[in-house]
Structure formats: structure tokens, C-alpha cells
Amino acid sequence: MFFDSLKSKFVLALGACVITASAAAAEFPTRDIRLIVPWPAGGGADAISRKISNIAEQELPKSIYVENIAGAVTATGLIQMTSARPDGQTVGVLTYDSVITLPRGQMVPGYSLDNMALIARITSEADAIVVSKHTGIETFEELIERAKENPGEVRLGVAPKGSGPYLSAMQLEKLLDVDFNVITYAGSSSAEAEALLSGELDAAISSLGDFSGIIESGDAKGVIELSSVQNKTYTDVPTIKSKGHDLQTGSFIILAAPANTPDDAVATLESSFKAAYDTEEFQTWLAQVGVTADWLGSDGVEAWIDELQAKTFSLMDELEL
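About the thresholds
- Residues numbered from 1 in each chain as written.
- Predicted model: local features only at pLDDT ≥ 70, side-chain atom pairs only at ≥ 80, totals over all residues.
- Heavy atoms only, no water.
- Axes fitted to C-alpha atoms, helices over the stretch in contact; angles between N-to-C directions.
- Helix = DSSP H or I, 4+ residues; strand = E, 2+ residues; numbered from the N terminus.
- Parallel < 35°, antiparallel > 145°, perpendicular 65-115°, else oblique.
- Left-handed = near helix turned anticlockwise from the far one by under 90°.
- Contact = heavy atoms within 4.5 Å.
- Nonpolar A, V, L, I, M, F, W, Y, C, P; charged D, E, K, R; others polar.
- Core = buried A, V, L, I, M, F, W, Y, C linked by side-chain atoms within 4.5 Å.
- Buried < 20%, exposed > 50% of the residue type's maximum accessible area, 1.4 Å probe, protein only.
- Phe/Tyr/Trp six-rings, centres within 6.5 Å; stacked < 30°, edge-to-face > 60°.
- Lys NZ or Arg CZ within 6 Å of the ring centre and 35° of its normal.

Turning our eyes to something else, we now look at the packing of helix H4 (residues 96-105) against helix H11 (residues 301-319). Running from N to C, H4 and H11 point in directions that differ by 50°, and their axes come no closer than 11 Å. Here H4 is positioned oblique relative to H11, judged by the angle of their axes. Classified by chirality, the crossing of H11 by H4 is right-handed. Across the interface between the two elements, Tyr96, Val99, Ile100, Pro103 and Arg104 from H4 touch Ile305, Leu308, Gln309, Thr312, Phe313, Met316 and Asp317 from H11.

Two packed helices can be described by the angle between their axes and the distance between those axes. Taken N-terminus to C-terminus, the directions of helix H2 (residues 44-56) and helix H9 (residues 263-277) make an angle of 105°; their axes are 8 Å apart at the nearest point. In terms of orientation, H2 and H9 fall into the roughly perpendicular class. Across the interface between the two elements, Ile52, Ser53, Ile55 and Ala56 of H2 pack against Ser272, Phe273, Ala276 and Tyr277 of H9. Its residues assigned to classes, the contact of H2 with H9 comprises 6 nonpolar, 2 polar and no charged.

Grouped together as the largest cluster of nonpolar side chains are 34 residues, with contacts concentrated most on Ile119, Ile122, Leu255, Phe273 and Phe282. Looking at this core, the elements with two or more residues in it are strand S1 (33-37), H2, strand S2 (64-68), strand S3 (90-94), strand S4 (116-132), strand S9 (250-258), H9 and helix H10 (280-289). Element by element, the count of residues in this core is highest for H9, at 6 residues. Among residues more than four places away in sequence, those in contact with Ile119 are Val91, Leu255, Ala256, Ala257, Val266, Leu269, Glu270, Gly297 and Ser298. Counting residues in each nonpolar core, the second largest holds 24 residues, with Leu143, Tyr166, Ala169 and Met170 among its members.

For the structure on display, the rule yields 4 aromatic pairs. Between Tyr277 and Phe282, the ring centres sit 6.2 Å apart and the planes meet at 50°, which makes this aromatic pair tilted. By relative accessible area, Tyr277 is classed as buried at 10%. With a relative accessible area of 0%, Phe282 lands in the buried category. Residues Phe282 and Trp285 carry aromatic rings whose centres are separated by 6.3 Å and whose planes lie at 20° to one another, so their mutual orientation is stacked. Of this pair, Phe282 and Trp285 both sit in helix H10, 3 residues apart, roughly one helical turn. Comparing Phe282 with Trp285 shows no difference in burial state: the two are buried. What links up through ring pairs into an aromatic cluster is the set Tyr277, Phe282, Trp285 and Trp295. Cation over ring: Arg121 sits above Trp304, and NZ or CZ is 4.6 Å from the ring centre. The positively charged end of Lys274 is found above the aromatic ring belonging to Trp295, 5.8 Å away from the centroid.

Listed below in C-alpha cells is the structure:
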């Protein structure tokens, strides 16, 4: 009799735990969601993250707030994300450096993609070369001609060594037999935009979307996009493929949560961000800033990253980077 009573209590307790866990999952999120952007405010990744999260939170009972935590080529912010409680309440933004530069260099102890639960890829965007209006350069051909006439003098701004833009600069030098004065910037593309404005740089490599503000103001001009597909927003910027060269590099935005985040929480986040992605508001905004919408859900992101790493690391080996 005693054991029957004890068994009944155990079953009731177990049932209560299941109900409590189910209720917790159903109530997610229970507080505002922290979205860590590992770059300073003002760059392209920051703008895209803020725009989609502002729309996505309309699908949720709580708000999403962006926190910029820059440093160590995105590792500082993302390690904070992976160290957070895996309950879906903290999300991080991954860019090219998070997926390629950091894993390749193994430069930051404790940083690993294995510590993350991937949610979705939101955008992809080709790198491009923009020139400062101070140079008087109007075309890609003029830029290359000036670089050949003045070896090592044309100042070209890129992200740090190992980044996509840095690789692009190395490939361009080899492909076109030119020698740029390559200057690296540890911050986001906003630092390069300021350098173009001040005349500190002659040109820079990043996405057209990252430089949309100074392009629109006329302070900079896109002269080439490192892609084979014409940008539908910047139709006056030719592709490098149209110039007879095959070179494609670029960045992207991926969302991730700490590893071991419950599947239900990941699914809720993915669903909310997908709903925001599909809105006319977000799609129109992306087109205005020249960024390509490129959704890939949680079921395909990991395989895509594996393929990208294999291809890019092979290229780095060739360039001895």
C-alpha cells in the first residue's frame, strides 16, 4: 500500500514536471530577447540586425533589444552569447569573420561554432570596391590604371588580415598585377566610410550596402562589385564578371543561439525572424540599401558553412594566409 502510494506521488510529480516544462516552452520568451551584434553601431550588420529584429518582435510577446559588443573580430560579443544561459533569450549575429577568420586563425581561446545553435542565414552580399570622391576616379578601369602607374600608393581599406575583403585585395593584386597600399581597419565598415570621407583612403572594399550612406550622398562611388550577378539596386555598378574576371567574395548575416538551446525556442526564433524576413517592409528596405535577401533556415545553415569553410580555407592555403 505504501509503495503504491509512493508510486502514485512519483507519477504525479513527473507529470507536473512535464506540464511545467511544456508550459515554459509555450510561454517562450519569458523576457526581452538580447540580440548581440559583435560590431560597433552604425555598420551594415548592425543596421540589418536592428531592422529585422524590430519587425520580428511583433511576432513575439516580448521585445528584442540590440546590444553592440565589439572586439576580437566578433569573438568578444559572440563568446558572451555562447556563455549565456541556453534558453533562447540571448541571440548573436555572425558575419564572415565569425565563420571564417576566427575559426581559421584559432586566435581566440574559447571561441567555437560548436558552442552555437544556428538559427538562420538572413542575407548575403557581394563585396564591392568604392572610391572616394576626393580621388576623381569614376570607373574600375581608372582605379586599376592609377594603381599600376603608382605602385603601392593607392590606399585601399579592408577588414583585418584573413577577412573576406582582405582576401579580395590579395586576389585582385594577383589577378590584375597591381600593388595597392592595403590598410586594415579592425572596426566595422563605418570606420572605412569615415576614412573615405576624410580622404584618408582612396578606395575601400566592403558591400555596397555597407557604404550606402556615402554613396547616396555622392561622397563615394561604387566602381565594381565582386560578383557575377548584377545588383538590382545599384544597377550602375558593373560586376567584375562583366569585365572578364571570375572573382566572387562577400559577407552575410547569420543568427545563432548558445548550444543546447531547446529546439522549441530555436523554432520559435526561426519562425519569428522568417515572418519578419518575408514582410514587404523588410524586403523593400533591403533593396533600398542594396543588400540581397538570402534566407536559409536552421536545417541547411550548418552544411552551407561547412562548404564555405572548405572552399575559403583552400584559397587561403593557396595565398599562404
